[in-house]
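What follows is the residue order along each chain.
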2 protein chains.
Amino acid sequence: MSAPLRVALLGCGTVGSAVLRLIEDQADDLAARIGRPIEVAGIAVRRPAHHPDVPQHLLTTDSAALVRRDDVDLVVEVIGGIEPARSLMYAAFEAGKSVVSANKALLAEDGPGLHAAAAKAGVDLYYEAAVAGAIPLLRPLRESLAGDQLRRVVGIVNGTTNYILSRMAETGAGFAEALAEATELGYAEADPTADVDGFDAAAKAAILASLAFHTPVSSADVHREGISAVSATDVARAAEIGCTVKLLAICERVGRAGDDAADGDSVAVRVHPAMIPTTHPLASVGGAFNAVFVEAEAAGQLMFYGQGAGGEPTASAVLGDLVAVARNRVAGASGQGPTGYADLAVRPMAETPTRYHVSLDVADKPGVLAAVAQEFARQDVSISTVRQTGRGDAATLVIVTHSAPDAALSATIAALRDMPAVRGVTSVLRVEGLS
Amino acid sequence: MSAPLRVALLGCGTVGSAVLRLIEDQADDLAARIGRPIEVAGIAVRRPAHHPDVPQHLLTTDSAALVRRDDVDLVVEVIGGIEPARSLMYAAFEAGKSVVSANKALLAEDGPGLHAAAAKAGVDLYYEAAVAGAIPLLRPLRESLAGDQLRRVVGIVNGTTNYILSRMAETGAGFAEALAEATELGYAEADPTADVDGFDAAAKAAILASLAFHTPVSSADVHREGISAVSATDVARAAEIGCTVKLLAICERVGRAGDDAADGDSVAVRVHPAMIPTTHPLASVGGAFNAVFVEAEAAGQLMFYGQGAGGEPTASAVLGDLVAVARNRVAGASGQGPTGYADLAVRPMAETPTRYHVSLDVADKPGVLAAVAQEFARQDVSISTVRQTGRGDAATLVIVTHSAPDAALSATIAALRDMPAVRGVTSVLRVEGLS
């Protein structure tokens, strides 16, 4: 068989070492699938002493030199973060090398720039592992659904927050307690900010929206709320109305899809906790699993489900991309990148239609419900259901609204907090997926 | 924008007319995604008079001439069946034209030959629509999971039988009654043989196994049993043990996946009704939906869910492929076809390990259970659970076995039928997905 294709591996943490292992374990299969053997030419790490299990002669701290080496054909970037990953990827493209990356933060920040550089060099940039780990999702969006009009992509794309919310629902624990448990079990990192504050999910949402709607969307375009404010009360209230709380990444094309793209359509992309009915396909996605629900004009409803994180699942996605770019390299071609022709406006969260669940402690006396209802009406927010439970001189009001612009709903909540008859707003969460 | 790419549409039934409509409705988007406009050059049908809604100047009965026409760049085949589809596809390849097909029967019978012809001509053959309608499945198997070792692919891939089995479970109806209802509602064809006898699912299983295991598998290699023998009793018995009955397409790599491919591994591919636990992700796939469950070494468990049939969903898959082959044509390249290097043996059904559920009417007297258990032991079949329910002088025995070669299980059933103490074997079905 012909000479091996040589791969530079940038980063050798959980994912990188799994990639290394899979390349070794599957050497014969990969060679047969690609048409040439794959060989690791070098591994760039910060601290070689921390990698005693890796062939020492492959390790280097000079990632910039490794990427440019003449005996390197392909680059796998699993460092994460913006720099030095960004510079290394641009350097790889300039040197005519295709890149496989798992870097959601970088792709969400600089996707169009990176794609342009890859296209200019006539090489590939694939990053299936950046969203939802092992679940084949980006290639289906980019290619399989390229002949359809996508309306919505709604996903559970962060395993850490899904684990925490699942535990809160199972045990009745509050956020802090469930987070502590997740940290202890290794499901949450020592600094959990990227996960619990929704940064990770927002980056993934930006990537999904870009591919789904053929338009550039960056992390900065995504409305982002994390789960640290989700209380045990929120979770209990959700259960009372047949719902469960999930952190959702929601990408929508607003306007009439199927018409000409240009005419006033926009995209709305947001990450926030929401109550969804327990009968919704996403509701039963528990623990560290990910799932993404897609609605398209012709295809209808689709769902993709699998492991969203972990070394081996993420490495599976990296290897799939590596086989693709290697086959393209053998064929002397480059694959078909995403198209970003649509250039749709991003609709601000304030104008995006949402539904709210609100739970209030109120004085149990005549006229309170009328006064509360009046606040909703003042903002033109229509109420779907109200449930009132009296206990002594106090009562609990649980209200689910119809759909209204998010700004009108948040203004209503602010007004309710100021009402004398309202002793407390005990739970506010958006509701998704109710008919 | 440059000159249009011209498409020959072979067939204009439910799927073909949906393809035609989507090409028209999405003209601007498709042009932007491909880089050149798409235009329908001609539509081959048998009876032009049956297509009054189609531009009449495009219709032709001479499909062979249409495929070869110089002004045709790409071919979409949605005729179905073996001939004339097969000859037309070979003619298209010879004329240097890529083909998008929805033809499961043909791909399952002659996949390797068709792929070889496409590769020789340097053109593409894509057929995402052939399996599970709109669900992106073949591209993920072929590309996204190309760096992993697949162990199992288990799917509900026939909507008609799934609808019938769902109705039997909901209403307690027998097969004939549920089939009549499905026919009346248009979920089953006038001649339902291809669906209810499992031919459709077997063709899809052959395609899935070929891609999943990188080895040629044809329809003839698939063990096939339909659902016409599934009784109301089977469905009721399934419910009693927390299961539901589904027609499953099961593709397995037998032997130790992850090792070198060559060393004794084989594939087992089968289609038959089976009881699966109601907690299994496939159990809740109802009505005309399809879902496919995939187990891979590194990726773990994945599931794909969506509409498996219907004009629009199937057309969505056809259009996705059409965009891909058109982009390749614009780029002057061809895409990466599947690899069939592994050439694994097909394990016969008799040797494939399965589990059985058996329900027997027996005389309620001492020693019967011992005698029955002895028949299982004689074939080296281990019993997992037995439930005995007495009623007067008769009793019902419900037995679930552990895993054993299918031949041993069927031999046991035959022996039980001959036992004097066994008044009747009232239900026999395989069980899948029990731990």
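Definitions and cut-offs
- Residues numbered from 1 in each chain as written.
- Chains lettered and ligands numbered in written order.
- Predicted model: local features only at pLDDT ≥ 70, side-chain atom pairs only at ≥ 80, totals over all residues.
- Heavy atoms only, no water.
- Helix = DSSP H or I, 4+ residues; strand = E, 2+ residues; numbered from the N terminus.
- Rg over C-alpha atoms; globule rule 2.2 N^0.38 Å.
- Buried < 20%, exposed > 50% of the residue type's maximum accessible area, 1.4 Å probe, protein only.
- Areas by Shrake-Rupley, 256 points an atom, 1.4 Å probe, with all protein chains shown as cover.
- Contact = heavy atoms within 4.5 Å.
- Buried area = accessible area lost by both parts, 1.4 Å probe.
- Salt bridge = Lys/Arg side-chain N within 4 Å of Asp/Glu carboxyl O.
- Polar contact = N/O pair within 3.5 Å; in protein donor to acceptor, adjacent residues only side chain to side chain.
- Nonpolar A, V, L, I, M, F, W, Y, C, P; charged D, E, K, R; others polar.
- Pairing = 2+ DSSP bridges.
- UniProt positions renumbered as here; feature names shortened; annotations may be inferred.
- Axes fitted to C-alpha atoms, helices over the stretch in contact; angles between N-to-C directions.
- Least-squares fit on C-alpha atoms with pLDDT ≥ 70 in both.
- Parallel < 35°, antiparallel > 145°, perpendicular 65-115°, else oblique.
- Left-handed = near helix turned anticlockwise from the far one by under 90°.
- Domains from an automatic or database assignment.
- Right-handed = clockwise from strand over helix to strand, strands pointing away.
- Expected span 1.5 Å × (residues − 1).

Enquirer: Account for the overall build of chain A, with residues named and values stated.
Expert: Within chain A, the secondary structure is distributed over 14 helices and 18 strands. Taking 435 residues into account, the globule formula puts the C-alpha radius of gyration at 22 Å, and chain A, at 24 Å, falls close to it. When the backbone C-alpha atoms are referred to their principal axes, chain A occupies close to 85 × 50 × 30 Å. Buried residues in chain A amount to 58% of all 435 residues. On chain A, roughly 16,000 Å² of surface is accessible, and the fraction owed to carbon and sulfur atoms is 50%.

Enquirer: Can you break down the interface of chain A and chain B residue by residue, with the values?
Expert: It is common to report an interface's size as the accessible area lost on association of the parts. Contact with chain A, which involves 51 residues of that partner, is made by 51 residues of chain B. Of the roughly 4,400 Å² buried between chain A and chain B on both sides combined, carbon and sulfur atoms contribute 48%. When the buried area of chain A at its contact with chain B is split by residue, A:Arg33, A:Arg327 and A:Gln336 rank highest and sum to 15% of it. Where chain A packs against chain B, one counts 2 salt bridges. Across the pair B:Glu143 and A:Arg139 runs a salt bridge whose closest N-O atoms are separated by 3.1 Å. In this assembly, chain A and chain B are joined by 24 residue pairs in polar contact (both at pLDDT 80 or more). Taken together, the elements giving at least two residues each to the side of chain A that touches chain B come down to helix H1 (14-25), helix H2 (27-34), helix H6 (138-144), strand S12 (300-307) and helix H12 (311-331) of chain A. Residue contributions to the side of chain A that touches chain B peak at 9 residues, all from H12(A). Of the residues belonging to the side of chain A that touches chain B, the class tally is 23 nonpolar, 16 polar and 12 charged. Both S12(A) and strand S12 (residues 300-307) of chain B contribute to a ladder of 3 bridges, which runs antiparallel. What sits directly across from A:Met303, in S12(B), is B:Tyr305.

Enquirer: Mind laying out the UniProt feature "domain: ACT" (unreviewed entry) in chain A, listing which residues take part and the relevant values?
Expert: What UniProt calls "domain: ACT" (unreviewed entry) maps, in this numbering, to residues 357-430 of chain A. Taken end to end, residues 357-430 of chain A is 31% helix and 47% strand, and its first and last C-alpha atoms sit 6 Å apart.

Enquirer: Provide a residue-level description of the UniProt feature "active site" (unreviewed entry) in chain A, including the pertinent values.
Expert: Residues and elements named next belong to chain A. UniProt records the feature "active site" (unreviewed entry) at Lys204, using the numbering of this structure. Mapped onto the elements, Lys204 comes out in helix H10 (residues 199-213). Residue Lys204 is classed as buried on the basis of its relative accessible area of 6%.

Enquirer: Report on the sheet that holds strand S3 (residues 59-60) of chain B, specifying residues and quantitative values.
Expert: All names here are of chain B. With parallel pairing, 6 strands are arranged side by side in an open sheet as S3-S2-S1-S4-S5-S6. Looking at strand neighbours, the two that pair on one side only are S3 and strand S6 (125-126), the edges of this open sheet. Both strand S1 (residues 5-10) and strand S2 (residues 38-44) contribute to a ladder of 6 bridges, which runs parallel. Residue Ala8 lies in a different strand from S2, and its bridge partner there is Gly42. On the sheet, helix H12 (residues 311-331) packs against S1, S2, strand S4 (74-77), strand S5 (98-101) and S6 and is oriented at approximately 165° with respect to S4.

Enquirer: Give me the relation of the copies chain A and chain B: which residues, what numbers.
Expert: Think of it as a corkscrew move, a rotation about one axis and a shift along it, taking one chain copy to the other. Aligned on chain B, chain A shows an RMSD of 0.0 Å; the corresponding rotation is 180° and the shift along the axis is 0.0 Å. A rotation of that kind, with that shift, is consistent with a two-fold axis. Looking at the rotation axis and the C-alpha trace of chain A, the residue lying nearest is A:Phe304, at 2.4 Å. The fraction of interface residues of chain A whose copies in chain B are also interface residues reaches 100%, indicating that both copies meet through the same surface.

Enquirer: Explain the packing of helix H1 (residues 14-25) of chain B against H12(B) residue by residue, including any values.
Expert: Residue and element names in this part refer to chain B. Where H1 contacts H12, the axes come no closer than 8 Å and their chain directions differ by 60°. In terms of orientation, H1 and H12 fall into the oblique class. The hand of the H1/H12 crossing is right-handed. Of the residues in H12, those touching H1 at Thr14, Val15, Ala18, Val19, Arg21, Leu22 and Ile23 are Gly311, Glu312, Thr314, Ala315, Ser316, Val318, Leu319 and Leu322.

Enquirer: Could you give an account of the sheet that holds strand S2 (residues 38-44) of chain A, with specific residues and numbers?
Expert: Residue and element names in this part refer to chain A. Across the sheet, which stays open at both edges, the 6 strands sit in the order S3-S2-S1-S4-S5-S6 with parallel pairing between neighbours. Lying at the two open borders of the sheet, with one neighbouring strand each, are strand S3 (59-60) and strand S6 (125-126). Of the pairings in the sheet, the one linking strand S1 (residues 5-10) to strand S4 (residues 74-77) comprises 4 bridges and is parallel in character. Directly across from Leu10, in S4, lies its bridge partner Glu77. Here H1 sits on the sheet and contacts S1 and S2; the angle it forms with S2, its principal contact strand, is near 155°. Sitting on the sheet, helix H4 (residues 85-94) is in contact with S1, S4, strand S5 (98-101) and S6, with an inclination near 150° to S5.

Enquirer: Describe the packing of helix H13 (residues 368-378) of chain A against helix H14 (residues 406-417) of chain A, and please don't skip the residues or the numbers.
Expert: All names here are of chain A. At a minimum axis distance of 9 Å, the contact between H13 and H14 shows a crossing angle of 145°. Relative to H14, the crossing made by H13 is right-handed. Of H14, the residues touching H13 (which contributes Val372, Glu375 and Phe376) are Thr412, Ala415 and Leu416. Classifying every residue of the contact of H13 with H14 gives 4 nonpolar, 1 polar and 1 charged.

Enquirer: How would you summarise the domain arrangement of chain A if you had to cite specific residues and measurements?
Expert: With domains assigned, chain A is organised as domain 1 (5-130 + 312-331), domain 2 (138-308) and domain 3 (352-431). Computed over C-alpha atoms only, the centres of domain 1 of chain A and domain 3 of chain A are separated by 52 Å.

Enquirer: Would you mind going over the side chain of B:His280 in detail, with residue names and values included?
Expert: Topologically, B:His280 is positioned in the loop between strand S10 (266-277) and strand S11 (289-296). Non-local contacts of B:His280, meaning those with residues more than four positions away in its chain, are made with B:Phe293 and B:Gly433.

Enquirer: Now, about unusual backbone geometry: what can you tell me, with residues and values included?
Expert: Residues and elements named next belong to chain A. In this structure, the amide linkage connecting Glu83 to the following residue, Pro84, adopts the cis form with an omega of 5°. For Ala132, which is not glycine, the phi dihedral falls at a positive 60°. If you trace the backbone, Ala132 turns up in the loop between S6 and H6. Look at Ala132 and you get buried, because its relative accessible area is 1%.

Enquirer: I'd like a rundown of the pairing of S4(B), residues and numbers included.
Expert: Residue and element names in this part refer to chain B. Side chains Leu74 and Val76 project from S4 onto one buried face, and the interleaved Val75 and Glu77 project onto a second face that is buried too. Relative to S5, S4 is paired through 4 bridges, and the arrangement is parallel. Within S5, the position partnered with Val76 by the bridge is Val100. As a crossover connection, the stretch from S4 through helix H4 (residues 85-94) into S5 is right-handed.

Enquirer: Give a description of helix H7 (residues 159-171) of chain A that names residues and reports values.
Expert: With 13 residues, H7(A) extends 18 Å between its outermost C-alpha atoms, agreeing within 8% with the 18 Å of an ideal straight helix rising 1.5 Å per residue. Looking at H7(A), one finds that the buried residues are A:Gly159, A:Thr160, A:Thr161, A:Asn162, A:Tyr163, A:Ile164, A:Leu165, A:Ser166 and A:Met168.

Enquirer: Please set out the pairing of S2(B) residue by residue, giving values where relevant.
Expert: Two faces, one strand: in a regular strand the side chains alternate between the faces of the sheet. Residues and elements named next belong to chain B. The element S2 is extensively covered by neighbouring structure, given that 6 of its 7 residues are classed as buried. With 2 bridges joining them, S2 and S3 adopt parallel strand pairing. Note that in S3 the partner of Ile43 across the bridge is Leu59.

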